[in-house]
Amino acid sequence: MLQKIYDWLDTRLDITPMWRDIADHEVPEHVNPAHHFSAFVYCFGGLTFFVVVIQILSGMFLTMYYVPDIVHAYESVYYLQNEVTHGMIVRGMHHWGASLVIVMMFLHTLRVFFTGSYKKPRELNWVVGVLLFFVVLGLGFTGYLLPWDMKAYFATVVGLEIAESAPIIGGFASTLLAGGEIIGAQTLARFFAIHVFFLPGALLGLLGAHFYMIRKQGISGPL
Amino acid sequence: MQRGKGLKFVGDSRLVDRKKQNIPKDYSEYPGKTEAFWPNFLLREWMVGSVFLIGFLILTVAHPAPLERVADPMDSGYIPLPDWYFLFLYQLLKYEFAAGDYTVIGAVVIPGIAFGALLLAPWIDPGKERRPQKRPIGTSLMLLAVVSIIYLTWESVDEHDWEAAEQQGEIVEDIDVDESAEGYEIYQSQDSCIGCHGGDMLGGAAGPNIFESDYDTEQVIEIIEDGIGEMPGGQFEGSDEELETLAEFIANDGQENGNGGDDGNGNNDE
């Protein structure tokens, strides 16, 4: 039955090459923890992606309740945290997941660096990876403001002051992010848009490029 | 791409009508025990992933995400703190060589050089050698960066006054005590209560806010009679009826029966 469905799709979409790239390939011995336990360092990238998926899913559910304006933002988060069924767990997953992404990504970066996996021909994938690092830090920074509590507000004030201290583009960058002179309604709306649309869009595009290049170039060989 | 005579397409599409065999690529360049990703390796990955997910869920249930009081831009005394993964950058800006007139150094120059070097690593270190011990400069620079990040984060956590931080962000419950209630009058006549919990019932130096914990009427009576923690029992002066009225008033978050207690403390309706 499954084979028939597969053949039917394959005739029309030629999915065999795609299937092969996604699933039907072999895992070399030196990255398989079942053969060499120390190969668990090769799992950090996959775990980063796993937590990113958790972030996307939990974030989608959070937007069902979250209201991005300064009058209701805090109330909606409070309601989500204290009243909504399992709201505490979903918000908790998004909160702790944010930290976990950073940790996993940091470990993944160190693994790639110390195994020299960024060298020819994988330079471009390294660059895409570092860009992903920046995007995730940006997601962390913009997401921190959204609950609109004291911690969120004043961390953002400091963050934007730091951005403003940059020469030439500092003032422009700060105004672009804050949406004006004061950190208020405009800032929250912009941070929400950046956190929910701009950066996730960039994240998905870069992730696609990251994975495409892994399949195209293969995993770097044993040291 | 294959072109020319003899090629058959699926309908009028560009898809070639031929049977392809679903054979994985040869991994002969990695001698040893290779394993099929699908389904053997993936199944194991899923098992590890499930264990990871369970641990993660336990963390989220054991430690709910924090939420402070609503943002008050006028509160200039608040000591700000970014999320922990920005602490190393935040700490850097506290050192003399990177603060004040030199903020640019701490905010732009040092992070710019560090992240710029990270981005351009493949061209800064273009050699063929991959082993970390065979490229000592790159390895030691990276180790230096990691140690600096850990040190700066540590320093920042160490310098921060966590108790003050917790207090300054605490959610202050806005409780509107009904001063016309019978229970309020009874409370005001009890010097032993006011002594520790204050005339406004919101706590003082010796006792906590009376409404801080969610007790029901019976529990409140029990606490008044038998005491709890440092609070001694048996100090109430008055009849049992008065005691019950007071306990009900307290269990109801400072409202006469039925009008308060929005936090579901159970025994509101006698």
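From a predicted model like this one, the values you see are computed outputs, not experimental measurements.

Conventions we followed
- Residues numbered from 1 in each chain as written.
- Chains lettered and ligands numbered in written order.
- Predicted model: local features only at pLDDT ≥ 70, side-chain atom pairs only at ≥ 80, totals over all residues.
- Heavy atoms only, no water.
- Salt bridge = Lys/Arg side-chain N within 4 Å of Asp/Glu carboxyl O.
- Helix = DSSP H or I, 4+ residues; strand = E, 2+ residues; numbered from the N terminus.
- Buried < 20%, exposed > 50% of the residue type's maximum accessible area, 1.4 Å probe, protein only.
- UniProt positions renumbered as here; feature names shortened; annotations may be inferred.
- Disulfide = S-S within 2.5 Å.
- Phe/Tyr/Trp six-rings, centres within 6.5 Å; stacked < 30°, edge-to-face > 60°.
- Lys NZ or Arg CZ within 6 Å of the ring centre and 35° of its normal.
- Contact = heavy atoms within 4.5 Å.

Quick look at the pattern of salt bridges
- Counted by the stated rule, this structure contains four salt bridges over all chains.
- One salt bridge in this structure joins K119 of chain A and D125 of chain B, with 3.1 Å as the shortest N-O distance. Taken together, the residues span two chains, with K119 of chain A in the loop between α5 (87–114) and α6 (123–145) and D125 of chain B in the loop between α4 (121–124) and α5 (136–159). Accessibility classification places K119 of chain A together with D125 of chain B in one group, the buried group.
- Here E35 of chain B and R44 of chain B are joined by a salt bridge, their closest N and O atoms 2.7 Å apart.
- By relative accessible area, which is 33% here, R44 of chain B ends up partly exposed.
- One salt-bridge network, held together by shared partners, links K119 of chain A together with D125 and R135 of chain B.

Thoughts on the UniProt feature "transmembrane region" (unreviewed entry) in chain A
All names here are of chain A.
- As annotated in UniProt, the feature "transmembrane region" (unreviewed entry) corresponds to residues 39–67, 96–114, 126–146, 152–179 and 191–214 in the numbering used here.
- With 100% helix and 0% strand, residues 96–114 has end C-alpha atoms that lie 27 Å from one another.
- Between the first and last C-alpha atoms of residues 126–146 the distance is 31 Å; the span itself is 95% helix and 0% strand.

Quick word on the state of the cysteines
- Enumeration over the complete set of coordinates arrives at zero disulfides over all chains.
- No disulfide involves C196 of chain B; its sulfur sits 9.0 Å from the nearest other cysteine sulfur, which is in C193 of chain B.

Brief notes about the packing of aromatic side chains
- Applying the stated rule across the entire model yields 22 aromatic pairs over all chains.
- With 6.4 Å between their ring centres and 50° between their planes, Y65 of chain A and Y79 of chain A make a pair best called tilted. Residue Y65 of chain A is found in the loop between α3 (44–62) and α4 (73–82), and its partner Y79 of chain A is found in helix α4; the two are separated by 14 residues along the sequence.
- For Y65 of chain A, a relative accessible area of 38% translates into the label partly exposed.
- A centroid spacing of 5.6 Å and a plane angle of 55° characterise the contact between F141 of chain A and F191 of chain A, whose relative ring orientation is tilted. With F141 of chain A in helix α6 and F191 of chain A in helix α9 (residues 185–217), the pair connects residues that are 50 residues apart, well separated along the chain.
- Site record: aromatic cluster; members linked through ring pairs are F141 and F191 of chain A together with W84, Y85 and F86 of chain B.
- Sitting over the ring of W8 of chain A, R12 of chain A keeps its end group 4.0 Å from the ring centre.
- Over the face of the ring belonging to F113 of chain A we find R135 of chain B, whose NZ or CZ atom lies 5.2 Å from the ring centre.

With respect to the environment of I214 of chain A
Residue and element names in this part refer to chain A.
- The residue I214 is located in helix α9 in this model.
- Judged by its relative accessible area of 28%, I214 is partly exposed.
- Placed 104 residues apart in sequence, I214 and L110 show a C-alpha to C-alpha distance of 17 Å.
- With sequence-adjacent residues up to four places away left out, I214 is seen in contact with N125 and I219.

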